[in-house]
Amino acid sequence: QVQLVESGGGLVQPGGSLRLSCVVSGNIFSVYVMGWYRQAPGKERESVATITSGGSSNYADSVKGRFTISRDNGKNAVYLQMNSLKLEDTAVYYCNAELSIWGSRSRYNYWGQGTQVTVSS
């Protein structure tokens, strides 16, 4: 069994900051790309930021310069530091991990349960 457990969401005023965390646990052999996605009401899920095991990252244009993704490979954890939050950042944020498990050569995609981020005055 593989689990992705997220934490750190909440309510924040515009201009404020939040830090999301996601820890992957279970029968894991290796974790490759990790990322954060978000889904606002009435909209499709979109990629926010991704990071490879080597530390290369990509960001959506809407969050560049405001959000920073990082990871701790030893802990199988990924983080999203969100600064200068805007009303339009309000969404459910999901952690995603591409990984392989012991006994299989395949790569699998797993999702966390989601954490709500609400930006409101």
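The present account deals with the structure reproduced in this document. (Residues numbered from 1 in each chain as written. Predicted model: local features only at pLDDT ≥ 70, side-chain atom pairs only at ≥ 80, totals over all residues. Heavy atoms only, no water.)

## Regarding the overall build of the chain
Condition: Per the convention used, a helix needs a DSSP run of H or I reaching at least four residues, while a strand needs a run of E reaching at least two, with both numbered from the N terminus. Only C-alpha atoms enter the radius of gyration, while the globule expectation follows 2.2 Å times N to the 0.38, with N the number of residues. With a 1.4 Å probe rolled over the protein chains alone, any residue whose accessible area is under 20% of its type maximum counts as buried; one over 50% counts as exposed, and the rest are partly exposed. Between two residues, a contact is recorded if the distance between any of their heavy atoms is within 4.5 Å. Note on areas: Shrake-Rupley with a 1.4 Å probe; residue coverage comes only from the protein chains shown. In this tally, Lys and Arg are treated as positive and Asp and Glu as negative; His is ignored, and so are the chain termini. The location of each charge is read from NZ of Lys, CZ of Arg, CG of Asp or CD of Glu.
Within the chain, the secondary structure is distributed over 0 helices and 11 strands. Counting from the amino terminus, the chain carries its helices and strands in the arrangement β-β-β-β-β-β-β-β-β-β-β. Taking 14 Å as the expected radius of gyration for a compact globule of 121 residues, we find that the chain reaches 14 Å, a close match to that expectation. Principal-axis analysis of the C-alpha atoms gives the chain an extent of 50 × 25 × 25 Å. Residue burial in the chain is summarised as follows: out of 121 residues, 40% are buried. The long-range fraction of contacts in the chain, counting pairs at least 24 apart against all pairs at least 6 apart in sequence, stands at 56%. Summing over all exposed atoms, the chain offers an accessible surface of approximately 6600 Å²; the carbon and sulfur share of this is 46%. Here the chain holds 11 positive side-chain charges and 8 negative ones, and the gap between their average locations is 5 Å.

## Observations regarding the environment of Ala-60
On the secondary structure map, Ala-60 appears in the loop between β6 (57–59) and β7 (67–72). Spatially, the C-alpha atom of Ala-60 lies 17 Å from that of Val-117, the residues being 57 residues apart in sequence. Sequence-distant contacts of Ala-60, defined by excluding residues within four places in its chain, comprise Ser-47 and Val-48.

## Things to note about the state of the cysteines
Keep this limit in mind: Here, two cysteine sulfur atoms that lie within 2.5 Å of each other are counted as a disulfide.
In total, this model carries 1 disulfide according to the counting rule given. What pairs with Cys-22 in a disulfide is Cys-95, and their sulfur atoms sit 2.1 Å apart. Between Cys-22 and Cys-95, the S-S torsion sits near -80°, and that sign places the bridge as left-handed. Of the two residues, Cys-22 sits in strand β3 (residues 18–26) while Cys-95 sits in strand β9 (residues 91–101), which places them 73 residues apart along the sequence. The pair Cys-22 / Cys-95 is uniform in exposure class, with both members buried.

From the geometry alone we can't say anything about function, so treat these as descriptive.
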